[in-house]
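If you want the building blocks of each chain, they are given just below.
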Amino acid sequence: PSLTRIIVVSTISGGGLIAYSEANASYGSNGSAAVVETGTKKKKVVLLGTGWAGTSFLKNLNNSQYEVQIISPRNYFAFTPLLPSVTCGTVEARSVVEPIRNIGRKNVDTSYLEAECFKIDPSSKKVYCRSKQGLASNGKKEFSVDYDYLVIATGAQSNTFNIPGVEENCHFLKEVEDAQKIRKTVIDSFEKASLPELSDEERKRILHFVVVGGGPTGVEFAAELHDFVTEDLVSLYPRAKGSVQITLLEAADHILTMFDKRITEFAEEKFSRDGIDVKLGSMVTKVNEKDISAKTKGGEVSSIPYGMIVWSTGIGTRPVIKDFMKQIGQGNRRALATDEWLRVEGCDNIYALGDCATINQRKVMEDVSAIFSKADKDKSGTLTLKEFQEAMDDICVRYPQVELYLKSKRMRGIADLLKEAETDDGSKKNIDLKIEEFKSALSQVDSQVKFLPATAQVAAQQGAYLAKCFDRMEECEKNPEGPIRMRGEGRHRFRPFRYKHLGQFAPLGGEKTAAQLPGDWVSIGHSSQWLWYSVYASKQVSWRTRVLVVSDWMRRFIFGRDSSSI
Ligand code: FAD
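The paragraphs below set out a description of the structure included in this document. (Residues numbered from 1 in each chain as written. Predicted model: local features only at pLDDT ≥ 70, side-chain atom pairs only at ≥ 80, totals over all residues. Heavy atoms only, no water.)

### Brief notes about the sheet that holds strand β25 (residues 504-509)
One open sheet holds the 3 strands; their spatial order is β25-β26-β27, and the pairing between them is antiparallel. Each edge of the open sheet is held by one strand with a lone partner, namely β25 and β27 (521-525). Taking each pair of neighbouring strands and ignoring which way they run, the sheet shows an average axis angle of 10°. Strand direction decides the pairing type here: strand β26 (residues 512-517) and β27, joined by 5 bridges, are antiparallel. (Pairing = 2+ DSSP bridges. Helix = DSSP H or I, 4+ residues; strand = E, 2+ residues; numbered from the N terminus. Axes fitted to C-alpha atoms, helices over the stretch in contact; angles between N-to-C directions.)

### So, the pairing of strand β20 (residues 308-311)
Of the two faces of β20, both are covered, the one formed by Met308 and Val310 as well as the one formed by Ile309 and Trp311. Of the pairings in the sheet, the one linking strand β13 (residues 171-172) to β20 comprises 2 bridges and is parallel in character. Within β20, the position partnered with His171 by the bridge is Val310. Sheet analysis places strand β14 (residues 208-212) next to β20, joined by 4 bridges and oriented parallel. Bridge pairing in β20 links Phe209 to Met308. (Buried < 20%, exposed > 50% of the residue type's maximum accessible area, 1.4 Å probe, protein only.)

### Focus: the packing of aromatic side chains
Enumeration over the complete set of coordinates arrives at 20 aromatic pairs. Seen in terms of ring centroids, Phe57 and Phe470 are 5.3 Å apart; in terms of plane orientation they differ by 85°. Their pairing is edge-to-face. Taken as a pair, Phe57 in helix α1 (residues 52-60) and Phe470 in helix α14 (residues 456-478) lie far apart in primary sequence, 413 residues in all. Relative to Trp553, the ring of Tyr533 has its centre 4.7 Å away and its plane inclined at 65°; by these criteria the two rings are edge-to-face. (Phe/Tyr/Trp six-rings, centres within 6.5 Å; stacked < 30°, edge-to-face > 60°.)

### Thoughts on the sheet that holds β20
Strand order in the open sheet formed by 5 strands is β13-β20-β14-β15-β16, with parallel pairing between adjacent strands. Only two strands of the sheet have a single partner each, and these edge strands are β13 and β16 (277-280). Sheet topology note: the strand β15 (residues 245-250)/β16 ladder contains 4 bridges and is parallel. Within the sheet, the bridge partner assigned to Glu250 lies in β16 and is Leu280. Running over the sheet, helix α6 (residues 216-236) touches β14, β15 and β20 and is turned about 175° from β15. (Contact = heavy atoms within 4.5 Å.)

### Comments concerning unusual backbone geometry
Positive phi, normally seen in glycine, also occurs at Leu256, with a value near 50°. Its place among the elements puts Leu256 in the loop between β15 and α7 (261-274). Of note, the phi angle at Asn349 is positive, near 60°, even though the residue is not glycine. Counting through the fold element by element, Asn349 comes out in the loop between β22 (336-338) and β23 (350-352).

### Considerations on the packing of helix α15 (residues 526-538) against helix α16 (residues 543-559)
Where α15 meets α16, the closest approach of the two axes is 9 Å, and the angle between their N-to-C directions is 150°. Here α15 is positioned roughly antiparallel relative to α16, judged by the angle of their axes. In contact with Trp532, Tyr533, Tyr536, Ala537 and Ser538 of α15, α16 contributes Arg546, Val550, Trp553, Arg556 and Phe557. Its residues placed into classes, the contact of α15 with α16 shows 7 nonpolar, 1 polar and 2 charged. (Parallel < 35°, antiparallel > 145°, perpendicular 65-115°, else oblique. Nonpolar A, V, L, I, M, F, W, Y, C, P; charged D, E, K, R; others polar.)

And the structure:
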């Protein structure tokens, strides 16, 4: 039956807050107004965030028993993997975004509020939000919304590590607006450097582009910028010739440490050939208006003049999530801990997914122990190195992040042991200690960073998984034992979330991309670039953005990139 929506707006005395309820049978928070029920009562799902996780949840939810209230400061979904392309005009900003109101199934009742949630109150089942717009004639901007189920998908924010001057002087690359600002700043720098009466030194400073962070985003941006400069800008700005410099600062010993060694080596060599100055082991300590200070591992401090800095060193927790974690006793964590069904630990009817959440590794530890016990076939309490290696392979398939950590040498002892396993003589060894060491390394890794990678791939898979759980929730409540095929699971009526790693790309410029696909399959070059084009075209959220992105790529091939400073 169709549902009549009535909005209740009332003021909480003293709090100065407006209570907004859009449910079919509910009261404003001060109980001042009732809403007439005109249909079957739907469960109200409040979804915070319109990024990869939230959008995937919305796209896949297919049960008319819910009404979904989306709350996000952004009324669109942004295809973040193409943001580095937006910084140089390879792809236009509007080609990578889709209005959130276009997303979702017709049979699910959805509505959207453009606002930011600043407080989650699990005891009253309410979220408190702030809009940029004034809501009422008195200009109030805050309101509350109640929920039956809360889905938190607010992502993360750029991490400055509280280094002085970063916030004020650096560009970030997280949102579409950031990419647009970078594009304008790059072109403005070339215009500025072309003005008369500039000293060579000043021109060089203005055209010195510094990228901080050698992860996939920083590397891709540096590569895009290099292509933009060499293919488009240098011929248009003859005065800039010879003065442009791109520098990449990375605190670790290598760039792209989460990729296979072959990719890291190729990328470092390619950048060196392209004239991109990669400074490894350089830790930024301070950023001033015109220069950036970095310290090498040997303690040497240098001050580098710059024109523009792009800061891309990873992600941190949003204030609303920090506050919520404190409330529920998770204040010492970096991300919201959930169980394997994405339910926030210690809360009822609250789910968290994507970059703001992490699956608590208690279950991971249980799995790891079970895998090692299984490997110990004769129950002697010892394993051969070969058996240990097989168990590790099993763990890496289940938890691809372990493999990435092994490669990035965060678990050096275990990596050495695996190397030793190649010359295994078959004798049994008591490697209990090593297993314990491995588990403790794993738990340290997990308390510091998210166990699953903070990627669109994880967020999208979690969104789709949670939508399926919601679709079947009612059926499962009616039949708590679940279908026969599920009864063996015992702990819960749904299968736990399992991440499938489908591989990762690192575009390196000059129409060359590195691809690392499951099974350690590595490919670098033009063919992977074509694979990258086809995967990213196919992953677009709508046919509209797919057509726009592909036509932008064609436009760039034919006419080059646009260098207008708008
Ligand atoms: P997001 O996509 O960040 O979405 C968060 C949403 O929450 C946004 O809509 C935001 O507006 C909203 N929000 C924020 N605060 C609040 C609040 N207080 N209340 C309500 N809503 C709020 N991953 C890959 O797998 N492959 C790639 O190639 C890749 N490339 C990337 C390139 C760049 C430049 C960047 C920045 C990221 C890239 N990623 C990539 C990572 C990927 O984008 C993230 O892992 C993914 O966006 C996480 O999804 P999410 O839904 O958790 O968060």
